[in-house]
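So the chains spell out like this:
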Amino acid sequence: MIAAPDRTPIAREFFDRPVLEVAPDLLGRTLVRATPDGPIELRLTEVEAYDGPNDPGSHAYRGRTARNSVMFGPPGHVYVYFTYGMWHCMNLVCGDPGTASAVLLRAGEITEGAELARKRRLSARHDKELAKGPARLATALDVDRSLDGTDACAATDSPLTLLHGTPVPADQVRNGPRTGVSGEGGVHPWRFWIANDPTVSPYRAHTPRRRRT
């Protein structure tokens, strides 16, 4: 008999570790988004690690700004950024305060509240695509910059809470290059995903954007 996912909220100590330890350990965990219309729950299936000043691919590589300040701690908080003038993406901050490391939530399986997610993801052809990619995930969960800084370890009254869920066995975890990251930051094999899971997004190498003429 398969045990039900653990509904216990994850403690802050879980995030108070190096980012490359936290990232694969997030797979299989349950993220709960509380909305006025009801909860949406997601099982994490794909993530990417970003290691602050040690990582050219990180938003915090060149130091602290108004945009990335949440990345500098404390751990267990949500960092949300706006990209390409149209999409939001969601991260979970980890490591000691001041280290500015975070894990990008790339994909997941909607396990509750799919009807609410479908209303926000009208272009999804089926439910496996609702949160297949970081922008799709944030859209499906109704996450935007208003949630930047949210405490995901708060046991009550938080719009975003991370539960223990069902951790993934090590032999089911895969890793490889991060998606769409250029330069020196693109060589790190810091994307982690659950093997053969249909909600995992496809790998895409970085493609330089054309300048408008």
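Keep in mind the model is a prediction, meaning the values are calculated, not measured.

Q: Tell me what's going on with the pairing of strand E3 (residues 38-51), and back it up with residues and numbers.
A: Burial of E3 is extensive: eleven of the 14 residues sit out of reach of the surface. Sheet topology note: the strand E2 (residues 30-35)/E3 ladder contains six bridges and is antiparallel. Pairing of Thr-35 across the sheet is with Gly-38, part of E3. Between E2 and the antiparallel strand that follows it, E3, lie two residues. Across ten bridges, the pairing between E3 and strand E6 (residues 101-112) is antiparallel. Considered in E6, the bridge of Asp-51 is made with Ser-101.

Q: I'd like a description of the state of the cysteines, backed by residues and values.
A: Going through the model one piece at a time under the given rule, you end up with zero disulfides. For the unlinked cysteine Cys-89, the closest cysteine sulfur is that of Cys-94, found at 17 Å. Distance from the sulfur of Cys-94, which forms no disulfide, to the nearest cysteine sulfur (Cys-153) is 11 Å.

Q: Describe the packing of aromatic side chains, and please don't skip the residues or the numbers.
A: In total, this model carries two aromatic pairs according to the counting rule given. Ring geometry for Phe-14 and Phe-15: centres 5.1 Å apart, planes at 80 degrees, overall edge-to-face. Accessibility expressed as a relative area gives 11% for Phe-14, which makes it buried. On the basis of relative accessible area, Phe-15 is assigned to the buried category, the value being 0%. Taking the centre distance of 5.7 Å and the plane angle of 40 degrees together, the rings of Tyr-79 and Tyr-81 count as tilted. The exposure class assigned to Tyr-81 is buried, which follows from its relative accessible area of 12%. In this structure, Arg-17 packs its charged tip against the face of Phe-14, placed 4.7 Å from the ring centre.

Q: Lay out the side chain of Glu-129 in plain terms, naming residues and giving numbers.
A: Note that Glu-129 resides in the loop between helix H2 (114-120) and helix H3 (134-140). Exposure remark for Glu-129: the relative accessible area of 6% places this residue in the buried category. A polar atom in the side chain of Glu-129 sits 2.3 Å from the side chain of Arg-125. Contact partners of Glu-129, with chain neighbours within four places excluded, come to Arg-121, Ala-124 and Arg-136.

Thresholds, definitions, all that
- Residues numbered from 1 in each chain as written.
- Predicted model: local features only at pLDDT ≥ 70, side-chain atom pairs only at ≥ 80, totals over all residues.
- Heavy atoms only, no water.
- Buried < 20%, exposed > 50% of the residue type's maximum accessible area, 1.4 Å probe, protein only.
- Helix = DSSP H or I, 4+ residues; strand = E, 2+ residues; numbered from the N terminus.
- Pairing = 2+ DSSP bridges.
- Disulfide = S-S within 2.5 Å.
- Phe/Tyr/Trp six-rings, centres within 6.5 Å; stacked < 30°, edge-to-face > 60°.
- Lys NZ or Arg CZ within 6 Å of the ring centre and 35° of its normal.
- Polar contact = N/O pair within 3.5 Å; in protein donor to acceptor, adjacent residues only side chain to side chain.
- Contact = heavy atoms within 4.5 Å.

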